[in-house]
Amino acid sequence: MARNHSREILLSPPAFILLAVVILTIAAPWISPYDPNAQSLADRLQAPSLAHLLGTDALGRDTLSRVLHGGRFSLSVALITTLFSLLVGTALGLLSAVRGGWLDELSLRVNDLLLALPEIVIALLIIAVMGPGFSTMVLSVGVVAWTPTARLVRSMAAQALSTHHVEASKHVGASRWFILRHHVLPFVAGPVLAQAALRFGLLLVLLGSLSYLGIGVQPPQSDWGSMLAEAQPHAIRSPWGMIAPGAAIFLVSFCVTLLGNRITHVLGGQDVLATEAKAEIHD
């Protein structure tokens, strides 16, 4: 059954599109028609043509080459940040559910504090202190991105720990690690995986927003957010510079969201967003 579920997810149209985007960005150094940083002022702000399929920017750089290379940075940072928030949120959520008491209360209050402020505001404060850069972006977004995962894991782990299977395991002397591995983790795995897919799309947009504000990747490197910022002053004369990276962000975010919804229905059969809402009401 698990094999059939995996096949249904991996063979879905959103998964194919995401796979194609990932392959194109990974292969960017070999398939890009031009050097993404090569300038040619004589070719600036050109419309799409056979020579430049997506046109050129204000410095005459090929837009298609920059989209392909920029995707490497955008997707890698979003993936690393998602994995970081997933690991931290899952660990803290499990610890809070298992230990309870003052530790659970402290975790909830910290969670509430971080959720009360917009993620981009906290990220901006951290970047203002530490300075822009790859590691700073991952840390600044990861500091706040774990909170929904921790709340979801805590809520579902508490449900799993109250089942008869866990009570029976406790009576026969099963260790806490055995209970977590065989009863709790399988119960929370599906919804957490689905939420991770949904969060990836949100974090991609958030990271793109930071780069758009000029505090993400630094020149001469580029990502989709910084490309939007560079193309904005020339949006009327040459809209392709904004359409291409904007469409890339939208396409990836949309496909990841669809994939997360599919994982929700196929693996867990539970609505992740509804589960989060119930957890907030219960807390």
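Residues numbered from 1 in each chain as written. Predicted model: local features only at pLDDT ≥ 70, side-chain atom pairs only at ≥ 80, totals over all residues. Heavy atoms only, no water.

With an unreviewed UniProt entry as reference, the chain is termed Peptide/nickel transport system permease protein, source organism Glutamicibacter mysorens. Its UniProt record, at the heading Subcellular location (unreviewed entry), says of the chain: "Cell membrane". Under Sequence similarities (unreviewed entry), UniProt gives the following word-for-word description of the chain: "Belongs to the binding-protein-dependent transport system permease family." (UniProt positions renumbered as here; feature names shortened; annotations may be inferred.)

*Asks:* If you had to explain the overall build of the chain to someone new, which residues and values would you point to?
*Replies:* From N to C terminus, the chain includes 13 helices and 0 strands. Going from N to C terminus, the chain has its helices and strands arranged as α-α-α-α-α-α-α-α-α-α-α-α-α. In the chain, which comprises 283 residues, the share counted as buried stands at 46%. The contacts of the chain with a sequence gap of at least 6 include a subset with a gap of at least 24, amounting to 74%. Carbon and sulfur atoms provide 69% of the accessible area of the chain, an area that totals close to 14600 Å². (Helix = DSSP H or I, 4+ residues; strand = E, 2+ residues; numbered from the N terminus. Buried < 20%, exposed > 50% of the residue type's maximum accessible area, 1.4 Å probe, protein only. Contact = heavy atoms within 4.5 Å. Areas by Shrake-Rupley, 256 points an atom, 1.4 Å probe, with all protein chains shown as cover.)

*Asks:* Any details on the UniProt feature "transmembrane region" (unreviewed entry) in the chain? Residues and values, ideally.
*Replies:* When the UniProt feature table is mapped to this numbering, "transmembrane region" (unreviewed entry) covers residues 9-31, 73-98, 200-219 and 239-260. Counting secondary structure, residues 73-98 comes out at 100% helix and 0% strand; the distance between its end C-alpha atoms is 37 Å. Taken end to end, residues 239-260 comprises 95% helix and 0% strand; its first and last C-alpha atoms sit 31 Å apart.

*Asks:* Kindly report on a nonpolar patch on the surface, identifying the contributing residues and their values.
*Replies:* Side chains of Ile 17, Phe 250, Leu 251, Phe 254 and Leu 258 sit close together on the surface and give an oily, nonpolar patch of about 440 Å² of accessible area. A per-element tally of the nonpolar patch places helix H12 (residues 240-268) first, with 4 residues. Along the polypeptide, Ile 17 turns up in helix H2 (residues 13-26). (Patch = residues over 30% accessible without salt bridge, like charges linked within 9 Å, V, L, I, M, F, W, Y side chains within 5 Å. Salt bridge = Lys/Arg side-chain N within 4 Å of Asp/Glu carboxyl O.)

*Asks:* Got a sec to walk through the packing of aromatic side chains? Specific residues and values, please.
*Replies:* Considering all chains together, one arrives at 1 aromatic pair under this definition. Here Phe 250 and Phe 254 contribute two aromatic rings whose centre-to-centre distance is 5.6 Å and whose plane-to-plane angle is 10 degrees, an arrangement assigned as stacked. Within this pair, Phe 250 and its partner Phe 254 are both found in helix H12, separated by 4 residues, close to a single helical turn. (Phe/Tyr/Trp six-rings, centres within 6.5 Å; stacked < 30°, edge-to-face > 60°.)

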